[in-house]
Amino acid sequence: MPDDGPAGRGLIDTSVVIELDRVDPQQLPLQIAVAAITLAELAAGPLATDDLAERARRQERLQLTEATFDAVPFDADCARAYGRVYAETLAAGRKARGRRAIDLLIAATALAADLPLYTANPSDFNGLETLIRVSPIETAQARQSAD
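By convention here, each chain's residues receive numbers from 1 onward along its written sequence. Reporting in this predicted model follows two pLDDT cut-offs: at least 70 for local features of residues, and 80 or more for side-chain atom pairs to be given and counted; totals over whole chains, interfaces and linings ignore these cut-offs and use all residues. Side-chain metrics in this entry use all non-hydrogen atoms of the structure; hydrogen atoms and water are not considered.

Student: Outline the layout of surface pockets, listing residues and values.
Tutor: Grid spacing is 1 Å over the protein atoms alone, the probe is 1.4 Å, and a cavity is where that probe fits but cannot get out, while a pocket is an open set with protein on both sides within 12 Å along at least five of seven lines and lining residues have an atom within 4 Å of a point. Grid points are joined across faces, edges and corners, and a volume is the space filled by probe spheres set on the points. The volume enclosed by the largest pocket comes to roughly 570 Å³. Forming the walls of the largest pocket are 20 residues, and the residues nearest its centre are Thr 14, Ser 15, Ile 18, Glu 41 and Asn 121. Put simply, the parts of the chain that give the lining of the largest pocket at least two residues each are α1 (14-19), α2 (36-44), α3 (52-68), α5 (100-113) and α6 (140-146). We count a stretch as a helix when DSSP gives it H or I for four or more residues in a row; a strand needs E for two or more, and each element gets its number in order from the N terminus. Ranked by the residues each element gives to the lining of the largest pocket, the list is headed by α1, at four residues.

Spelled out as structure tokens, the structure:
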């Protein structure tokens with residue numbers, strides 16, 4: 001897949017949504033899409049913590065994301081694309097089940113919608129380069145880890 005800079009439209013994964021206010025906009029596509037699967041991940045976020053302040057931050061992030069972006073649905077085309085993503089993941093010698101399944105569903109959404117995938121965790125999509133264009137995004141958290 002060619003890497004010719006930011007695309008006109010692209011799918012951002014959950015890692016980018018979480019850090020969106022700390023991402024340089026020049027790293028992002030001109031039109032941002034999110035997968036319905038990302039909304040599902042964000043909906044689970046407030047339930048995954050007992051810290052009330054963190055729960056409120058996660059709920060606010062979910063609501064802001066829902067209000068800002070139209071979600072790309074996970075439909076029959078995505079389900080078929082998931083088969084290709086799953087097979088490619090196994091062929092690369094990587095696991096395709098468990099916690100990794102969410103990332104693969106997001107990748108299948110990008111594949112079915114013919115959109116590049118923008119992520120702060122590009123290694124989550126190793127082995128899928130022949131199917132989708134994965135565009136790494138540098139986040140404030142990644143910069144702090146490098147220091």
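Student: Tell me about the pattern of salt bridges, residues and numbers included.
Tutor: Put simply, a salt bridge is a Lys or Arg side-chain nitrogen that is within 4 Å of an Asp or Glu carboxyl oxygen. Taken as a whole and assessed by the stated rule, the structure comprises five salt bridges. Linking Glu 54 and Arg 58 is a salt bridge whose minimum nitrogen-to-oxygen distance equals 2.8 Å. Highlighted residues: Glu 54 and Arg 58, both in helix α3, separated by four residues, approximately one helical turn. In this structure Arg 58 comes out as partly exposed when scored by relative accessible area, which is 24%. Between Asp 77 and Arg 80 there is a salt bridge, and its shortest N-O distance comes to 2.3 Å. Here Asp 77 pairs with Arg 80, and both are found in helix α4 (residues 76-91), just three residues apart, close to one helical turn. We call a residue buried when its accessible area falls under 20% of the maximum for its residue type, exposed when it is over 50%, and partly exposed in between, using a 1.4 Å probe and counting protein chains only. What makes Asp 77 partly exposed here is its relative accessible area of 41%. For Arg 80, a relative accessible area of 55% gives the class exposed.

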